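Each chain is listed here by its residues.
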Amino acid sequence: MGFGLPAAIAAQLNNPDRPVVCVTGDGGFLMMLGELITARRYKLPLIVIVLEDRELNLIKLKQEWKGVEPAATGLYSGDLFQADRVLGVKIIRAETGSQMKKAVNDALVCTEPLVIEALIDPSDYTQLISPQ
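Quick summary incoming for the structure in this document. Not measured: the values here are computed from a predicted model. (Residues numbered from 1 in each chain as written. Predicted model: local features only at pLDDT ≥ 70, side-chain atom pairs only at ≥ 80, totals over all residues. Heavy atoms only, no water.)

## Considerations on the sheet that holds strand β5 (residues 114-119)
Link 1 in the chain: Overall, mixed pairing links the five strands, which are arranged β1-β2-β5-β4-β3 in an open sheet. Of all strands in the sheet, those bounded by a partner on one side alone are β1 (21-25) and β3 (85-86).
Link 2 in the chain: Sheet analysis places β1 next to strand β2 (residues 47-52), joined by five bridges and oriented parallel. Within β2, the position partnered with Val21 by the bridge is Ile47. (Pairing = 2+ DSSP bridges. Helix = DSSP H or I, 4+ residues; strand = E, 2+ residues; numbered from the N terminus.)

## Things to note about the state of the cysteines
Link 1 in the chain: Under the counting rule described, the total for this entry stands at zero disulfides.
Link 2 in the chain: Looking at Cys22, it has no disulfide partner, and the nearest cysteine sulfur is the one in Cys110, 16 Å off.
Link 3 in the chain: On the accessibility criterion, Cys22 (3% relative accessible area) is buried. (Disulfide = S-S within 2.5 Å. Buried < 20%, exposed > 50% of the residue type's maximum accessible area, 1.4 Å probe, protein only.)

## Some points on the nonpolar core
Link 1 in the chain: In this structure, Phe29, Leu46, Val48, Phe81 and Val115 are the most contacted members of the largest nonpolar core, which totals 18 residues.
Link 2 in the chain: If you tally residues by element for this core, the top one is helix α1 (residues 4-14), at three residues.
Link 3 in the chain: Excluding residues within four positions of it along the chain, Leu46 makes contact with Leu5, Ala8, Ile9, Gln12, Val20, Ala39, Glu112, Pro113 and Leu114.
Link 4 in the chain: Ile47, Ile92, Ala103 and Ala107 belong to the second largest nonpolar core, which has nine residues in total. (Core = buried A, V, L, I, M, F, W, Y, C linked by side-chain atoms within 4.5 Å. Contact = heavy atoms within 4.5 Å.)

## Description of the pattern of salt bridges
Link 1 in the chain: Overall, the coordinates contain four salt bridges when judged by the stated rule.
Link 2 in the chain: Note that Glu95 is salt-bridged to Arg93, the shortest N-O span being 3.0 Å.
Link 3 in the chain: Residue Arg93 is classed as partly exposed on the basis of its relative accessible area, which comes to 30%.
Link 4 in the chain: Across the pair Glu117 and Arg93 runs a salt bridge, and its minimum N-O distance is 3.2 Å. With Glu117 in strand β5 and Arg93 in strand β4 (residues 89-94), this residue pair connects regions lying 24 residues apart in the sequence.
Link 5 in the chain: Through salt bridges with shared partners, a single ionic network connects Asp79, Arg93, Glu95 and Glu117. (Salt bridge = Lys/Arg side-chain N within 4 Å of Asp/Glu carboxyl O.)

As structure tokens, this is what we get:
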């Protein structure tokens, strides 16, 4: 958790002519938010997609699988950003598939970092991972 953004910055620095996309949950993004300044300082055309579900859902699921009442997994209420920029980096909000497609297309021609705030349904995690 928190590895995605620094790894994407390293990938972009090593591949300046290729598009790099970081897909991270809101919890991991918040852990490394300060690294966005590095991407901004170097004007990296990095695309950061933040999957916003307001919780540490993978931890919550693991707690439930072990029969433990979920605890300390809520991150915040309301929208994460409530703005069009974070640390000076533009944010595009995507609530639907068509909005996401447009956001990614816009991001691919951007010459600086860009964050896509992707609202997701946390119940989707139960279909994506196995309780092992």
